[in-house]
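Per-entry structural report
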Amino acid sequence: MSYPAILSFDTSAAHCAAAVFAQDALQYSATEAMAKGQAERILVLCQDVLARASLTFDDLTAIGVGVGPGNFTGIRISVSAARGLALGLGIPAIPVSTFEMLRDPFGAEATASELVVVAAPRGAAYVQPFRYGRPSAAPELIDPATPDHLRAVNLCVTGHLANEIAGNLGGTPNPTSADDDPAARIARITEWKLANGHDLATRPAPLYVRAPDAAPARDKPPVILA
């Protein structure tokens, strides 16, 4: 039986994270807290985890990459690296969203009605509904105190503010965090997607639920003299 050899990595938050999944098991993973410098570090970290698993880039059959939502610049770093590696190695690069990272990687198909919640700026939340492991609607930005339009029968609320939002919706809370070994979570979700034929032809792209925070300069432009 041939098992996939997956390299996964993520820079969507203030970290560099990488992991190797091979021989039907997680071989090695590492997470380094890092607010900047991720572009210079991520591929070096990938080489380190591959070496610890006694593998090289040429041994890989797939790449899993975190695509956000998360840090605007960090997401672009990982997505660009994944695209480049996939093109050079001739293997698929499979996107894994932060919503998917928060779900149970060992029982991805178990829940018929699940709302996954990711922290958003200024006390808000990003949410996306899932049905049997697959998104059933696009993600959206909500006020966690007023999520009534998301009410559903037998709803499980997973992730950020799960207790609060489940209480508001009459659902079952499932508090989880992607901070504990994020690349390992991506690797297991990638392995599940490979086994079920999900997103194999989907080119990784940053997932932004809202536009990045950016404001035009307040200073007046200089006067151009003729």
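Here the structure is a predicted model, which means the values were calculated and not measured.

**Brief notes about the side chain of D10**
Its location among the elements puts D10 in strand β1 (residues 6-10). No salt bridge is formed by the buried D10. Its closest oppositely charged neighbour is R185, at 10 Å. Reaching out from D10, the side chain makes a polar contact with the side chain of S12 at a distance of 2.9 Å. Of note is the side chain of D10, whose polar atom sits 2.7 Å from the side chain of H15.

**Describing the side chain of S97**
Secondary-structure assignment places S97 in the loop between β5 (93-96) and α3 (98-102). S97 has contacts with V67, G68 and L207, leaving out every residue within four places of it along the chain.

**Quick look at the pairing of strand β4 (residues 62-66)**
Counting buried positions over the five residues of β4 gives five, a clear majority of the element. What you see with β4 is no split at all: A62, G64 and G66 on one side and I63 and V65 on the other are buried throughout. Pairing analysis gives four bridges linking β1 to β4, with the strands arranged parallel. Looking at the pairing, I6 lines up with A62 of β4. Pairing analysis gives four bridges linking β4 to β5, with the strands arranged parallel. Bridge assignment links I63 to a residue of β5, and that residue is A93. In the classification by handedness, the crossover that spans β4, the intervening helix α2 (residues 72-89) and the parallel β5 is right-handed.

**Side note on unusual backbone geometry**
Peptide bonds are, in most cases, trans, and in most cases residues other than glycine have a negative phi. Across the junction of G68 and P69, the peptide omega takes the value 10 degrees, indicating a cis bond. Along the chain, P69 falls in the loop between β4 and α2. Despite not being glycine, D181 has its phi angle at roughly 60 degrees, a positive value. For D181, the location among the structural elements is in the loop between β11 (172-174) and α5 (182-196). According to the relative accessible area criterion, D181 is partly exposed, its value standing at 27%.

**Brief notes about the packing of helix α1 (residues 38-52) against α2**
At their nearest, the axes of α1 and α2 sit 10 Å apart, and the two run at 40 degrees to each other. When the axes of α1 and α2 are compared, the pair comes out oblique. Where α1 crosses over α2, the handedness of that crossing is right-handed. Where α1 abuts α2, its residues Q38, A39, I42 and L43 lie against G74, I77, A81 and L85. Split into classes, the residues belonging to the contact of α1 with α2 amount to six nonpolar, two polar and no charged.

**What about the pairing of strand β6 (residues 114-119)?**
In terms of burial, β6 is a largely internal element, five of the six residues being buried. The sheet contact formed by β6 and strand β7 (residues 125-131) spans six bridges and is antiparallel. The residue of β7 that forms the bridge with E114 is F130. Following β6, the chain reverses through five residues before pairing antiparallel with β7; R122 in that reversal takes a positive phi of roughly 60 degrees.

Scoring rules and cut-offs
Starting afresh in each chain, residues are numbered from 1 along the sequence in its written order. Residue-level local features of this predicted model are given only where pLDDT is at least 70; pairs of side-chain atoms are given and counted only at 80 or more, and the full residue set underlies all totals for whole chains, interfaces and linings. Here the side-chain values reflect all heavy atoms present in the structure, with hydrogen atoms and water set aside. Put simply, DSSP marks the helices as runs of H or I at least four residues long and the strands as runs of E at least two long, and each gets a number from the N terminus on. The classification of residues rests on relative accessible area computed with a 1.4 Å probe and restricted to protein chains. Under 20% of the type maximum is buried, over 50% is exposed, and intermediate values are partly exposed. Neither His nor the chain ends is counted toward charge; the positive residues are Lys and Arg and the negative residues Asp and Glu. A side-chain nitrogen of Lys or Arg and a carboxyl oxygen of Asp or Glu constitute a salt bridge if their distance falls within 4 Å. Residues adjacent in sequence count toward polar contacts only when both atoms are side-chain atoms; beyond that, a polar contact is any pair of N or O atoms within 3.5 Å, and within protein one must be able to donate a hydrogen and the other to accept it. Note on contacts: a residue pair qualifies if any of its non-hydrogen atoms lie within 4.5 Å across the two residues. Think of it this way: DSSP has to see at least two bridges between two strands before they count as a pair. Crossovers are described as right-handed under a simple rule: with the strands pointing away from the observer, the path leading from the first strand over the helix to the second runs clockwise. Each axis is a line fitted through C-alpha atoms, and for a helix only the stretch in contact is used; angles between axes span 0 to 180 degrees, taken between their N-to-C directions. Working rule for angles: under 35 degrees goes down as roughly parallel, over 145 as roughly antiparallel, 65 to 115 as roughly perpendicular, anything else as oblique. A crossing counts as left-handed when the near helix is turned anticlockwise from the far one by less than a right angle, and as right-handed when that turn is clockwise. The classification used treats Ala, Val, Leu, Ile, Met, Phe, Trp, Tyr, Cys and Pro as nonpolar, Asp, Glu, Lys and Arg as charged, and all other residues, Gly among them, as polar.

These results come straight from atomic positions and should not be treated as a statement about function.
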